[in-house]
Amino acid sequence: VFTRQFSVMIDAGLPLVQCLDILGGQEEDKNFSTVILQTRTDVESGASLADAMRKHPKTFDPLFTNMIAAGEAWYLRALEREPKSFGILFNLGNLYMRHGQTAKAVEYLTKAVLVRPRSADALGNLGVALASSGQLGPAAEKYRSALEQRPTFAQAHYGLARILEMQTNYSSAAHHYSNALVA
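Source: prediction; values computed, not measured.

K.L.:
Let's hear about the overall build of the chain: which residues, and what values?
P.N.:
Check the secondary structure of the chain and you find eleven helices and zero strands. If you list the helices and strands of the chain from N to C, you get α-α-α-α-α-α-α-α-α-α-α. Taking the principal axes of its C-alpha atoms as reference, the chain extends roughly 50 × 40 × 25 Å. Looking at the 183 residues of the chain, the share that counts as buried comes to 42%. Taking contacts inside the chain between residues at least 6 apart in sequence as the whole, the part at least 24 apart equals 35%. Total accessible area on the chain stands at roughly 10,100 Å², and carbon and sulfur atoms take up 53% of it. Within the chain, one finds 18 positive and 17 negative side-chain charges whose respective centroids are separated by 5 Å.

Shown next, in the form of structure tokens:
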């Protein structure tokens, strides 16, 4: 059940740390809940998901953790072969974002934008990573750039609206929230 729920949350785009937090909080088995939350803490501190899970061999068997590690390592090896591959940079940035490692996410998504500066998806995801790291001004700039490329980009409208709301620019925030709903 854990793996299926975890997979659904990751596929929905929730950050890895948030997924682990939710699953750990909902788990009825106290021992398993503790393991999940310890795994979350390790990932939050910069460990890879596989390394964090390997600390609990009674809960996560080697086959499971090795499959996780293989997925993580694939992107890094592929990037060594093709350091300017937009797809690899973009996906690696998103992977780090889901792991809650926003500094690395910003690094790789920035590189993806340098390779493909008109990619609304890369600009929007970079906006999310920047906002998550507290860089609201640069995040708003990336959201606006994403909207220049794709005016109906709901994620960019929503992200920009949240920043504008924090800046108490309620009229502009409402405009972008509305656009996010119809996009």
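K.L.:
A description of unusual backbone geometry should follow, citing residues and the corresponding values.
P.N.:
A positive phi angle, close to 60°, is found at T168, a residue other than glycine. Structurally, T168 is set in the loop between α10 (154-166) and α11 (170-182).

K.L.:
I'd like to hear about helix α9 (residues 136-149), residue by residue, with values.
P.N.:
Between its first and last C-alpha atoms α9 spans 20 Å; for 14 residues at 1.5 Å apiece the expected length is 20 Å, and the two agree. All of the buried residues along α9 are A139, A140, Y143, A146 and L147. Within α9, the buried residues cover an arc of 120° as seen down the axis, which keeps them to one side.

K.L.:
I'd like a rundown of the packing of helix α5 (residues 62-81) against helix α6 (residues 86-98), residues and numbers included.
P.N.:
Helix packing for two helices is described by the angle between their axes and how far apart those axes are. Packing of α5 against α6 brings their axes to within 10 Å, and their N-to-C directions diverge by 145°. Here α5 and α6 pass one another in a crossing that is left-handed. The segment α5 lies against α6, with E72, Y75, L76, A78 and L79 engaging I88, L89, N91, L92, L95 and Y96. Classifying every residue of the contact of α5 with α6 gives nine nonpolar, one polar and one charged.

Reading guide: rules and limits
Residues numbered from 1 in each chain as written. Predicted model: local features only at pLDDT ≥ 70, side-chain atom pairs only at ≥ 80, totals over all residues. Heavy atoms only, no water. Helix = DSSP H or I, 4+ residues; strand = E, 2+ residues; numbered from the N terminus. Buried < 20%, exposed > 50% of the residue type's maximum accessible area, 1.4 Å probe, protein only. Contact = heavy atoms within 4.5 Å. Areas by Shrake-Rupley, 256 points an atom, 1.4 Å probe, with all protein chains shown as cover. Lys, Arg positive; Asp, Glu negative; His and termini not counted. Charge placed at Lys NZ, Arg CZ, Asp CG, Glu CD. Expected span 1.5 Å × (residues − 1). Arc of directions from axis to C-beta. Axes fitted to C-alpha atoms, helices over the stretch in contact; angles between N-to-C directions. Left-handed = near helix turned anticlockwise from the far one by under 90°. Nonpolar A, V, L, I, M, F, W, Y, C, P; charged D, E, K, R; others polar.

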